[in-house]
Structures are given as structure tokens and as C-alpha cells.
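One-letter residues, chain by chain:
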Amino acid sequence: MASTSPHTAPRRVPFEPPSRQPPRRAGQGAAPAAIVVAGGSGGRRRRRRWRRRRLAGRVGVLRPGCPAAAQGAGCEMALPRLLRLLPRALPRALPPLAGALARPACGRALHRAAPAPALEVPDFNSFVTRTNTCGELRSAHVGREVTLYGWIQYQRQGLFLVLRDFQGLTQIIIPQDEAHSHVKKLLSNAPVESVVRVTGIVSPRPPGQENPKMPTGDIEVKVETAEILNSCKKLPFEIKDFIKKSEALRMQYRYLDLRSFQLQYNLRLRSQIVMRMREYLCNLHGFVDVETPTLFKRTPGGAKEFLVPSREAGKFYSLPQSPQQFKQLLMVGGLDRYFQVARCYRDEGSRPDRQPEFTQIDIEMSFVDQAGIQRLIEGLLQYSWPEERGCITTPFPSMTYEAALADYGTDKPDTRFGMKIVDISDFLRRSDIQFVQNALSYPHGTVKAICIPQGVRYLKNKDLESLKESAKSQFNQEIMEIICRPNGSLKSLVTKFLGQKQQSELTQVLNMQVDDVVLLAAGEHKQVCSALGSLRLESADLLEAAGLVLRDPMTFHFLWVVDFPLFLPKEENPTELESAHHPFTAPHPSDTSLLYSDPTKVRSQHYDLVLNGSEVGGGSIRIHSAEQQRFVLEKVLKEDSEVLSHLLEALEFGAPPHGGIALGLDRLISLIVDAPSIRDVIAFPKSFRGRDLMGNAPDYVTPEELEPYHIQVSWPLAEKEAKQN
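All of the points below concern the structure found in this document.

Rules and cut-offs
Residues numbered from 1 in each chain as written. Predicted model: local features only at pLDDT ≥ 70, side-chain atom pairs only at ≥ 80, totals over all residues. Heavy atoms only, no water. Helix = DSSP H or I, 4+ residues; strand = E, 2+ residues; numbered from the N terminus. Buried < 20%, exposed > 50% of the residue type's maximum accessible area, 1.4 Å probe, protein only. Contact = heavy atoms within 4.5 Å. Areas by Shrake-Rupley, 256 points an atom, 1.4 Å probe, with all protein chains shown as cover. Pairing = 2+ DSSP bridges. Axes fitted to C-alpha atoms, helices over the stretch in contact; angles between N-to-C directions. Parallel < 35°, antiparallel > 145°, perpendicular 65-115°, else oblique. Left-handed = near helix turned anticlockwise from the far one by under 90°.

### Concerning the overall build of the protein
Consideration 1: Along the backbone of the protein there are 24 helices and 22 strands.
Consideration 2: Counting every position in the protein, which comprises 725 residues, the buried fraction comes to 45%.
Consideration 3: Sequence-distant contacts in the protein: of pairs separated by 6 or more residues, those separated by 24 or more amount to 68%.
Consideration 4: Summed over all atoms, the accessible surface of the protein reaches about 37,400 Å², with 53% contributed by carbon and sulfur.

### Things to note about the sheet that holds strand β15 (residues 490-491)
Consideration 1: Taken in spatial order, the five strands of this open sheet run β12-β13-β16-β14-β15, and their pairing is antiparallel. Looking at the sheet topology across the chains shown, the edges are occupied by β12 (422-423) and β15.
Consideration 2: Examined bridge by bridge, strand β14 (residues 480-484) and β15 share two bridges and lie antiparallel to one another. By the bridge assignment, Ile483 is partnered in β15 with Lys491.

### Brief notes about helix α12 (residues 401-408)
Consideration 1: Within the sequence span of α12, burial applies to Tyr401, Ala404, Leu405, Ala406 and Tyr408.
Consideration 2: Its buried side turned inward, α12 meets β11 (398-400), β13 (445-452), α18 (525-545) and β17 (558-562).
Consideration 3: Looking at the residues trailing α12, positive phi occurs at Gly409, about 75°.

### Brief notes about the pairing of β14
Consideration 1: The buried fraction of β14 amounts to four of the five residues, a majority that puts the element mostly inside the structure.
Consideration 2: Where β14 folds back on β15, the antiparallel hairpin that results is connected by five residues, among which Gly488 adopts a positive phi of roughly 90°.

### Some thoughts on the pairing of strand β4 (residues 195-204)
Consideration 1: For β4, a buried count of seven out of ten residues is recorded, marking the element as mostly surrounded by other parts of the structure.
Consideration 2: Of the pairings in the sheet, the one linking strand β1 (residues 145-156) to β4 comprises seven bridges and is antiparallel in character. Note on β4: the bridge partner recorded for Trp151 is Val195.
Consideration 3: One ladder, built from ten bridges, connects β4 with strand β5 (residues 219-230); its direction is antiparallel. Considered in β5, the bridge of Val195 is made with Asn230.

### Brief notes about the packing of helix α9 (residues 261-285) against helix α11 (residues 370-384)
Consideration 1: With their axes 8 Å apart at the nearest point, α9 and α11 run at an angle of 130° to one another. It follows that α9 is oblique to α11 by the angle criterion. For α9 against α11, the interelement crossing comes out right-handed. Residues Ile273, Arg276, Met277, Glu279, Tyr280, Leu281 and Leu284 of α9 form the contact with α11, whose participating residues are Leu376, Gly379, Leu380, Leu381, Tyr383 and Ser384.

Okay, structure coming up:
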């Protein structure tokens, strides 16, 4: 048996299944029925023999005389199924072996030796009255009578129509003979997007009329009977992916927008990935899927939470922004490994990558360190990664927070392209440029730059002015440009203070080529890095808009960012501190003593997972000491620890060391499918302002409905007039 890496991504059936054989009928190779004899040991013996025969038939590795060369991959594919079946099928005959195989350690060992089985093609026609879907008919089905259900995608002059369902399209030929005139009239007059049932014979398309762009392009169905199940009224927009619709209109008629192939693909791929994640975590690594409460209480720090009134006067629930406290309490409870596809809520402004309610893959483990969490997530993503998006390699590279800020100006760098920030402080320190010397005189003063390749060719003067204005308005940072002329000389206000030799050295330091543009900034380190990091991304957008490709959306660059500061100064009051991650994050083991003497210098055991410049996951090793947790809350963050008295008390009852992570599922899927917004991978998302335009939520309620909650609304004048009208 060929051995494979524990994180080798298995090959799976792609999203659109290939043509299938028709559903198996009774008596055609069906599994043997169970033999049940009432009473006596004979019945038990027969049942045990049947179980062994059934097991041998399903798991090739147990068949007598199974030659490795003959069964090969089949034996490998059967191993994970063997692990699930053996503890149930042989509990009496082989209890020691069955128990050993059921242990997670054994499962992991065998998983390393064999890839996961390929997903079986699902039977989309089970339990329904159709015989086939609109996307599965092929030349092999020619001559068969089929019954299809779907929506009319297109209809042409009463000659044919295209029928669509979730899986694809099929061309339907409308009969023209007198005997089927009623069928012709029915289908010719049916509006587009009406739901119909058609029964007919699969036929090959006439020579030269095949459509290679359609999976069903070699066949057509000649209708014999048809029925309009539901007629469609005039549509607010066409159900076609290439038709541009405003996002507000798409949100208002989301149930129509969901009929598009792209949204169907996004949601089905999302479901497929989540199912693979469940399989990896629960079946292969012993995680327990636990649902945690949605109604809870306010958590100090972090994002704003939604409040839910209760019938007790003045008391409110909060919708959790994550199951953070519950998953830690599960570790105190000895559950060891927890997992949940968790719904989370944050009452903050919606952005293209944010929603007031969102989903995360929530994970927590006991007796684990940072490296263990990282290996788990790398294996999880490799196992669940869709085959059509290529392979991802592990381990993912890692970068410290300080290095990310210095080189890319952000804690979530997009490493698909260069244009890294270059520190030229030492080079310009001996120059006579006044603004440079002023910047370097401060404790954290620096001079840095980014080089825009072919900026002269692809960027206009207005683009450069826009970049400088952006840095000024967002970061209060002045920017100077340096242009490399065709003869290799430099054009800039800076270069008049530099000799020819210094200009040549500066060109080498910045690795400038002809027609490159350099943006230079001087000032406080973090401000300069943040400004140049933002300009790096804006410049990439401008270059790509002009035709220079820098970031391939089908290339996936994962990156771990580690060694974050444990605390950061509050923006509104820099003399006070707030948690960089959350108040339950443990300090770096090397910096524990600094927690009590100089908290601003403490690094945390916090780690973020970045994909193509977007944060897709974040986690930490947690504080498991009640004393240390109380110190962080009360002395460092100045928070009321009574709000978390339940957690602090739990930590006093033998809490194990533990850590975890949460993956943002919406954002991850949107990056995989290259969607412009996470709203394109959510079935019923909220709008940019957090509203449900389809159901018009949030909505008003009457004073009578508020009365049990002891709430009165103080209406702003404009709202009051709108409500009265």
C-alpha cells in the first residue's frame, strides 16, 4: 500500500457529477437482505455470519486472498470505512481489535497511510418523481424515456426550449405534429422561468448541431407530454449570470437571484467543504460537534453586541460575537476536542467582507500548543480543499507581526506580489534633506519607500496625485515620488539634495528599473508603514485596472502571522490598554514576567491565518490560570471582572491548558470562488447597511409588543413622522 502524507489532499468528484448509470432496480446487484430468525443462538450466529459477509463485501481489505496488486487503491480507499464499520460489526468476536481501531490514535495512524475515499456521486433522483436532472443526460441515455422538471431558461419560436434545474441545462424539442398540438401550445405560451414537467425520448442532436459548451450538448429530449406546474409573472431581472443587476435589486428578490448558476455553485461548494471539514474533524480526529447558546450575556471588550430584551425589567441578553467563553468552559468540562459551525453576531457597520451575522468554523483543544493548532488547520484545509481550485501545500509559511508591518504595512499581507516596503533610513541618514532629518530625530522615526513597477507607463499623473491624497487623508502622511527616467537618471525633489553617486546607490537600494515610480514616506514607524502598506494595495489596483496582472485570483497564498502584541493602546485614550485579540489570550511564555512590569512589551500566543491579503482565521492559546486572568481583566484592562465571574470560577476547578481558533467560513469561501463580496456566498445576506431588503428587516413593532419587555421607544422626529405616514 502506498503511503501518503497525513495532509495529502484527496481526489474527489468535482462539483458537476459525470453521467451516471440509471438507478439500480430491485434484483440488480442489490445488497442481501438481513437474515433474522426469532429466538435461539442460531439466529444470532446467522446474523453474525451475515454481518461478516456484508463487511467482507464492502471492505476489500478483508477479503480472503486479496492480492495487493489486484486491489491496490481499492484497499486504501476502504480503510476509513473499515474504521467506522469494525467497532460495530465485530464487537463480540474481536473486542480488543475493535476497541483499538476505534481509538483516535489508531485512526490517525491509518489515515496517514491511506488517502480519504473519493466522494460517491449522489443520487439526485432518489425520492422524487423525475427520472433525471437537467444536467446529467448524455449520449448513453439515447432512446430512453425520461421525465424532467425545471424552469424554462429560454424558448425559441415554438420550436424548442432550454430547461434548467440546479444541475444544468437540457434542450427540449417541442413537437410540431398535429397529434401533439396541445403540448406545442402549452410550451410555446409558457413564460420564461415557469416551472414545467416534460416527459419524452432522449435523442441525439442532428449532425452539426451539437453544442460542446453544454455538458448535455450531444442530446435533446423530444417531448411527448408536458405540464405547466407554475407560471411565472414578469421578472424584475433576467436569471442570467452575465446580466448586470444592482445589488439592492438582487437582495430584494434573493429567491430569484439564487437561481443563477454562480450562486448555486457557491452554495453547493460551501456545503461540500463544510461536510469535508466535519469528516476531517469528527471522523478522523475525534472532535465533538457541540451547539452552544445563542442567548448569553455581554462580553467585555471586542465588537459591539446585539441586545435581546427579556421579560425581566432592565435585563437583556446579548447575542455572542463568538462562542469563546463556552468553548473554554467545554475544555474545563473535559470534552478535550470541540468543534462547531457557529453562528456569530456583531453590531457594527457592514463592509464588503463583514456581515452583522456570520458563520465561523469554531475549534478548541486541550493540551495543545500553537504549533499543534497550526498543523490541525493546515491538514483541515488541505483535506477539504476543492479539487478544481488546485492543490495547496503545507506547512504554510509564517511571519511575525513586526515583520509583516515592516515589509507590507499590515498584519494581513497579500504575498501574491512584491512591492515590499524598503527601509532607506540608514542610506538617507547622512543626507542633507531637512524633512528626512526631522523624521529620523524622533525615537521611532524612519524613512521607507515602495517601488511601483512600470509606474510611468501604467499610471497617470492624476493616479499619483490620488495616491498622495489618500495617504494624507487617511494617515496624515506626506508622500514624495521618485521617477526613473529612460536614461536611468532620477526625477524628484529629493534627488537635488543627492549627488550622482548617491542617486546611483539609491537606485540600487530600491532596485529601480526604467519607468519605475517610488513612493517615499518619512515619519513615525507605524504610521509610515501603514500608509505605504495601503498605497501598495491601491497601486496594485491601479496597475491591474491598466492591464498589468499582479494578483492571480486562482493562486492561493496562505500565511501565518504570529507574535502579536498582547495589548495595544486605545485609539480614544492612548494611555489605556485594550486586548489586541481578546482578554482570554495567554502571554508568550518568554514574556510572562513582563505582564506584571511592562504589559506594553508583552507578545501574545495569538496567531492569524491570512489568505491573499484577507484574514480568514484567528486564534490563540488561552489563559488557564484564574489568577492570571483576573490580573489581566482588573489591573491591565481595567474591566469589571464580575461580568466574567462564572469563567474565573471555572478556571479555579482544574482547567487544562487549552487553545483554539476560528475560521471565517464566509470569507474563506468567497476567496475560494473569487466572489467580490461575502454576500455572494451566503444564501440570505444582509445589505451593506445591515438590512434584509427582501423581508424589510429590521422592522417596527407596536407598543403593545414592547410592553412585556418594559421598553419604550423615544422616536427621533423624522422617524416619528415616517412611522405616522
